[in-house]
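Survey of secondary and tertiary structure
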Amino acid sequence: MVKDAFFNVYTKFKLHFYQEIFSRFQDREASLTTVETFCMEAIQALGSPTVNEFATFMRISPPNAAYKVNSLIKKGYIRKVQSPDDRREYHLEITQKYIDYYNISTAYMTAVMNRITQRFTPAECAKLEEMLTIISRELMAEVEIPDALPEQSN
């Protein structure tokens with residue numbers, strides 16, 4: 001029962017995102033491939049990883065990661081920023097162009113979260129938050145991302 005309910009919510013978030021993407025790009029080609037979208041989501045979730053950190057997380061070779069990163073830089077979705085601590089190291093940062101793309105998804109999540117806070121009591125919302133935190137930290141330990149992801153504007 002819980003499995004089906006969770007799967008339905010997860011699927012609805014994905015499908016809403018796909019609907020929005022397709023409706024915006026029906027008259028022109030989308031500028032991010034599916035694989036590039038996956039790469040961007042990983043880079044965003046990791047914070048400001050280096051190319052090697054990105055490669056390690058995605059379980060791909062550093063040259064393959066560098067190829068994907070360079071393509072995303074050319075398209076304007078990320079930039080390399082030199083580390084102030086180690087001038088030999090560069091971190092990947094997402095650009096406003098990607099934030100605008102990503103906000104297609106986050107706007108709907110924000111709307112659903114607002115509906116949740118209106119529909120449920122503060123105690124129920126606190127319990128949901130507690131459960132989601134446990135799921136993220138304990139039950140999904142295979143995927144390590146920074147706890148505090150940067151907030152994206154809507």
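These numbers come from a predicted model, not from an experiment.

1. Some thoughts on unusual backbone geometry
Negative phi is the rule for most residues except glycine; trans is the rule for most peptide bonds. Backbone geometry at R59 places phi at a positive 60°, although glycine is not the residue there. Tracing the sequence through the fold places R59 in the loop between helix 3 (51–58) and helix 4 (62–74). We classify R59 as exposed; its relative accessible area is 73%.

2. Quick look at the confidence of the model for the protein chain
Mean pLDDT over the protein chain stands at 85; residues scoring 70 or higher make up 90%. Low pLDDT (under 50) marks residues 148–154, which in the prediction has 14 contacts with non-local residues, meaning those over four places away or in another chain.

3. Regarding the packing of helix 2 (residues 34–46) against helix 4
Helix 4 packs onto helix 2 with a crossing angle of 95° between their chain directions and a minimal axis gap of 11 Å. Considering the angle they form, helix 2 stands roughly perpendicular to helix 4. Contacts from V35, E36, C39, M40 and I43 of helix 2 reach helix 4 at K68, S71 and L72. The class makeup of the residues in the contact of helix 2 with helix 4 is 5 nonpolar, 1 polar and 2 charged.

4. Considering the pattern of salt bridges
Enumeration according to the criterion identifies 4 salt bridges in this entry. When the shortest N-O distance is used, the salt bridge between R79 and E93 registers 3.8 Å. Here R79 is found in strand 1 (residues 78–82), whereas its partner E93 is found in strand 2 (residues 90–94), with 14 residues between them in sequence. Here R79 falls in the partly exposed class, since its relative accessible area comes to 40%. Look at E93 and you get partly exposed, because its relative accessible area is 27%. Between R88 and D86 there is a salt bridge, with its nearest N and O atoms 3.0 Å apart. Among the residues examined, D86 registers a relative accessible area of 23% and is labelled partly exposed.

5. Notes on the environment of Y108
Tracing the sequence through the fold places Y108 in helix 5 (residues 96–119). Residue classification places Y108 among the partly exposed residues on the basis of a relative accessible area of 22%.

6. Focus: the nonpolar core
Counting 21 residues, the largest nonpolar core has M40, F54 and I78 as the members making the most contacts within it. Breaking this core down by element, the ones donating at least two residues are helix 1 (2–24), helix 2, helix 3, helix 4, strand 2 and helix 5. Look past the residues within four positions of M40 in its chain and what remains in contact with it is L32, L72, Y77, I78, I94 and Y98.

7. Considering the packing of helix 2 against helix 3
For the pair helix 2 and helix 3, the least separation of the axes is 11 Å and the interaxial angle reads 115°. When the interaxial angle is binned, helix 2 and helix 3 end up roughly perpendicular. The chirality of how helix 2 crosses helix 3 is right-handed. Only E53, F54, F57 and M58 of helix 3 make contact with helix 2, whose side of the interface consists of F38, C39, A42, I43 and L46. Looking at the contact of helix 2 with helix 3 residue by residue, the classes come out as 8 nonpolar, no polar and 1 charged.

8. A closer look at a nonpolar patch on the surface
A surface patch of nonpolar side chains, about 350 Å² in accessible area, is lined by L15, Y18 and F22. Tracing the chain through its elements places L15 in helix 1. A relative accessible area of 47% means that L15 is categorised as partly exposed.

About the thresholds
Residues numbered from 1 in each chain as written. Predicted model: local features only at pLDDT ≥ 70, side-chain atom pairs only at ≥ 80, totals over all residues. Heavy atoms only, no water. Helix = DSSP H or I, 4+ residues; strand = E, 2+ residues; numbered from the N terminus. Buried < 20%, exposed > 50% of the residue type's maximum accessible area, 1.4 Å probe, protein only. pLDDT = per-residue confidence, 0-100. Contact = heavy atoms within 4.5 Å. Axes fitted to C-alpha atoms, helices over the stretch in contact; angles between N-to-C directions. Parallel < 35°, antiparallel > 145°, perpendicular 65-115°, else oblique. Nonpolar A, V, L, I, M, F, W, Y, C, P; charged D, E, K, R; others polar. Salt bridge = Lys/Arg side-chain N within 4 Å of Asp/Glu carboxyl O. Core = buried A, V, L, I, M, F, W, Y, C linked by side-chain atoms within 4.5 Å. Left-handed = near helix turned anticlockwise from the far one by under 90°. Patch = residues over 30% accessible without salt bridge, like charges linked within 9 Å, V, L, I, M, F, W, Y side chains within 5 Å. Areas by Shrake-Rupley, 256 points an atom, 1.4 Å probe, with all protein chains shown as cover.

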